[in-house]
Amino acid sequence: MTMKTLRQLTIVTLLCVFCNNNAKTSSDLMSYDLKEILSNLSVQEKIELVTGVGYEYSPKGMTGYTTSIERFGIPHMALLDGPQGIRIDWSKKDFNYSIRPTAFPTATVLASSWDENLVFKVGEGIGKEARHIYADIILGPGINLQRNPLGGRNFEYYSEDPILTGRIGSSMVQGIQSVGVGATLKHFVANNSETNRAALNIIVDEKTLRELYLRGFKIAVQDSQPRAVMTAYNLLNGVHTSQDSKLITQILKKEWGFDGIVMTDWKSGTDPAKQISAGVNLIMPGSSNDRASIKKSLQSGKLRMEQLDRSVKEVLRAALNPLPTLSSYKLSNKENLLKNNRSLARVAAANGMVLLRNKGKKLPLKGNISEIAFFGNGSYHSLISGLGSGRVCSTYRVNIIEGASNFSYGQSKLLEEIMRNYLPKSNPHSVCDYGGGFGQDPELIDERNFSEKEIGLIERQSDAAIITLRRLPGEGQDLSEEDHFEVSQTERSLVRSVSEIYRNKKKPVIVILNVPAPIETESWADFVDAILVSWLGGQEMGNAVFDILTGKQNPSGHLTASWPKKYSELQSAHGFPGIVTSEKLIPIFAGGDMAKPTKIEYLEQDAVGYRDILQSQKSVAYPFGFGLHYTEFELSNMNVKQRPHNVEVSMTITNTGEVSGADVIQVYSVNSDKDDVKYRELKGFRKTDILSPKQSADVMVTIPYRELEIFDNDNGCGWMLEQGSYQFFAAHSSQHIMSSQIIELKGDHSCEKNG
Ligand code: BGC
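Residues numbered from 1 in each chain as written. Predicted model: local features only at pLDDT ≥ 70, side-chain atom pairs only at ≥ 80, totals over all residues. Heavy atoms only, no water.

## As for the site of the ligand
Selection criterion: A single heavy atom is enough: if one lies within 4 Å of a molecule or strand, its residue is considered near that molecule or strand. Under this definition, polar contacts are N or O atom pairs within 3.5 Å; protein pairs additionally need one hydrogen-donor-capable and one acceptor-capable atom, and for neighbouring residues in sequence, both atoms have to be side-chain atoms. Reported accessibility uses the Shrake-Rupley method at a 1.4 Å probe radius. Residues are deemed covered only where the shown protein chains occlude them.
In the region of the ligand, 14 residues are neighbours, and Asp-81, Arg-153, His-187, Asp-265 and Glu-475 sit closest. The contact in question runs from an oxygen atom of the ligand to an N or O atom on the side chain of Arg-153, over 2.7 Å. His-187 places a side-chain nitrogen or oxygen 2.7 Å from an oxygen atom of the ligand. Protein chains shield 95% of the accessible area of the ligand, which is 310 Å² for the free molecule.

## Considerations on the packing of helix 5 (residues 116-132) against helix 6 (residues 162-177)
In plain terms, the rule: Think of each axis as a best-fit line through the C-alpha atoms, taken over the contacting stretch in the case of a helix, with angles from 0 to 180 degrees between the N-to-C directions. A helix here means a DSSP run of H or I that spans at least four residues, while a strand means a run of E at least two residues long, and both kinds are numbered starting from the N terminus. Note on convention: near helix rotated counterclockwise from far helix by under a right angle means a left-handed crossing. Clockwise means right-handed. Here a residue-residue contact requires only that any non-hydrogen atoms of the pair lie within 4.5 Å.
One can describe the packing of helix 5 onto helix 6 by two numbers: an axis separation of 6 Å at closest approach and a directional angle of 40°. Seen along the crossing, helix 5 lies across helix 6 with a hand that is right-handed. Residues Glu-116, Val-119, Phe-120, Val-122, Gly-123, Glu-124, Ile-126 and Gly-127 of helix 5 pack against Arg-167, Ile-168, Ser-171, Met-172, Gln-174, Gly-175 and Ile-176 of helix 6.

## Structural notes on the pattern of salt bridges
Heads up, the rule is: In what follows, salt bridge is the name for a side-chain nitrogen of Lys or Arg lying within 4 Å of a carboxyl oxygen of Asp or Glu. Burial classification: accessible surface area is computed with a 1.4 Å probe over protein chains only, and a residue below 20% of its type maximum counts as buried, one above 50% as exposed, and the rest as partly exposed.
Within the structure shown, the criterion is met by 36 salt bridges. A salt bridge links Arg-496 to Glu-500, with the shortest nitrogen-to-oxygen separation between them at 3.9 Å. Residue Arg-496 and its partner Glu-500 are located together in helix 20 (residues 489-504), separated by four residues, close to a single helical turn. As a salt-bridge pair, Lys-552 and Asp-547 come within 3.6 Å of each other at their nearest N and O atoms. Judged by relative accessible area, which is 59%, Lys-552 ranks as exposed.

## Comments concerning the sheet that holds strand 12 (residues 410-411)
Backbone hydrogen bonds hold the strands of a sheet together, and the pairing may be parallel or antiparallel. The condition that has to hold: Two strands pair if DSSP finds at least two bridges between them.
Here we have six strands laid out as an open sheet, ordered 10-15-14-13-11-12, and mixed in their pairing. Two strands in the sheet have a free side with no partner beyond their single neighbour: strand 10 (354-358) and strand 12. The pairing of strand 13 (residues 464-470) with strand 14 (residues 509-514) spans six bridges and is classified as parallel. Its bridge partner being in strand 14, Ile-467 is matched across the sheet by Val-511.

## Thoughts on the environment of Ser-288
Here Ser-288 is to be found in helix 11 (residues 288-300). Along the sequence, Ser-288 and Glu-48 sit 240 residues apart, while their C-alpha atoms lie 9.4 Å from each other.

## Points about unusual backbone geometry
For the peptide bond that leads from Met-284 to Pro-285, omega is 0°, which places it in the cis range. The amide bond that connects Leu-363 to the next residue, Pro-364, takes the cis arrangement and shows omega of 0°. Unlike most non-glycine residues, Ala-190 shows phi in positive territory, near 70°. The residue Ala-190 is located in the loop between strand 4 (182-188) and strand 5 (201-203) in this model. Here the phi dihedral of Gln-605 falls at roughly 50°; this positive angle occurs in a residue that is not glycine. One can find Gln-605 in the loop between strand 17 (599-601) and helix 22 (610-615). A relative accessible area of 42% means that Gln-605 is categorised as partly exposed.

## Structural notes on the nonpolar core
Stated precisely, the cut-off is as follows: Remark: nonpolar core denotes a set of buried residues (Ala, Val, Leu, Ile, Met, Phe, Trp, Tyr, Cys) joined through side-chain atoms within 4.5 Å.
Judged by nonpolar contacts, the single largest core of 97 residues is most densely connected at Leu-41, Ile-86, Phe-188, Val-189, Tyr-213 and Leu-316. Leu-415, Ile-531, Met-541 and Ala-621 belong to the second-largest nonpolar core, a separate cluster that totals 64 residues.

## Section: the pairing of strand 22 (residues 681-687)
Counting buried residues along strand 22, six of its seven residues qualify, which places the element largely inside the surrounding structure. As paired strands, strand 21 (residues 664-671) and strand 22 are joined by six bridges and run antiparallel to one another. Among the inter-strand pairings, Val-664 is bridged to a residue of strand 22, identified as Lys-687.

Laid out in structure tokens, this is it:
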């Protein structure tokens, strides 16, 4: 093939990745092209292919851009945040976006639905919006674990459990990629806190790392083949994750078979040559310094040309390997897409909300309630997302009071006036007003103090009270025990006084928790009738809250993290968010600060979340997996069978209550030859369809052996399924077991298996 025809072919094949060309490439042609292209690229071009175009230069307002090589027709690839929808700042006039993005509920809400089909649909919705502005790769989902309730980015993550995280993450990736847009698993790995994140060294042993922190990534890589993986800011056992060849080349690429692009998080790590030799394909956002440094390392021999070639080859292969549906993808009708995404955002929010308390069955709201008093700033300025790169600049948000008025509820005029004078003026577009969401939220002010007299007057104008408590998390900082986990004096006395006055008059008091993560409930929950966690529920949150409160939809969300009684009781609280060390092992670089905490040791090993709570038999406010419904479900006919590749747990679920609803079945297991039941772990789950009263459904939870394997570090066996008797539990939460069965599993003790 002449160079000219090669070039023409290359241009066609490469462009088709980005332009919906109908041509498809064969793998033979691809490998031939790769070699040819590689041998014809100059060193400078190779360096450019592995570095983004730069922070400042972001054509069309994307989050990042790869470098184009025009003489080969290799175009830019556009990378775009993030997990909750597409992050474009459309309020800036510089770019003429063809779409206004939908702010979907945050990741924790999606996971709390325990509904993989729903999460797939949300991924598809995000992917379709990305395609409208020709973004190639979405920078999400985030699938780190919620190790500690104060983690600043917990709202962007799914759960404290790796299997739930991996499964929900896979559904999100599959949804995004089903429309021809790539997805990125981030942040690989152990980005479980944000304080001084760029210089924070996470010390964790191999077994814990594999069984907890890497496990969700492994599941998502193997089950959904994401187009990209982004490394984390933090260090892992003394090595920057973006410079860790064991992590990137050995584990991710060789053991798990990942063949997409590994990119760095924005401005992370210290040494581009070390990043490339560790297996990174794309240094983001990329800079002239990065390029100069790679060039220098090549000249000095610190970086070998074959190491650079390997990275380039993988970038090219990824570009030449369009997702199966890409070539046939058609842009959806914009109006229909946005309309569908709006209703999807509402359905997703309602499905992820968790009812924690419903004393005296005061919910759903009864017909005698027409006027409601809305206390708490969050009723008026509801939080729909956290701050940072995951924040979506939506065109509107439905606050809780607007949700109420959409359902024709009136509100106490006196309270409305008090709050109108108290709160800063709300700007529906305020999420765009401060740079896509980094920094502070100007609407965030302290709760107002109400006198008993005021509450008494307000009570006369209303049939029920709703108190919204809110917490705003954000990237780059962790929450604090005092300001976020604990409720303030003002909040507690508001809840107490409103409850006393309303409940004396037999009027219901409902608390809405507009929060990203668990908060303290022990000191006040008994005062109120009902507690609904709305989370940071996306732009349709206010409507979704009333879908649940009115019973239009039965609550069916379940917690994906444990709600402790006291923060300090958690093992992960010790040493959080890290200790200041005198070690100068870690060079200081952009973003890192040696005067701040630089080290966290995960001394608790696997005792994270419900594992900690069960193993040390602590009492908990609300356990992992917990969630109330307006109906009851009964389980019968549990049966566990070993199959060649998995274990099947079948059962019958019957709705024994008065209203329709969907149940969430969780299957836990323990190797009972070795461990006590308190070591049970989640292995599989299933959300049922909506069942009418008295209706039954046969449910099957399939658990691949992979989920039952342990990582044997002591004998160097790696992943293996131990044989022995296993007890399987079908449950409604980690602490509410409905049925169990023991079976003998034939295992595999071979040390050959790895990965
Ligand atoms: C975040 C990433 C994000 C990137 C680009 C970083 O600060 O950690 O999650 O994708 O910025 O915005």
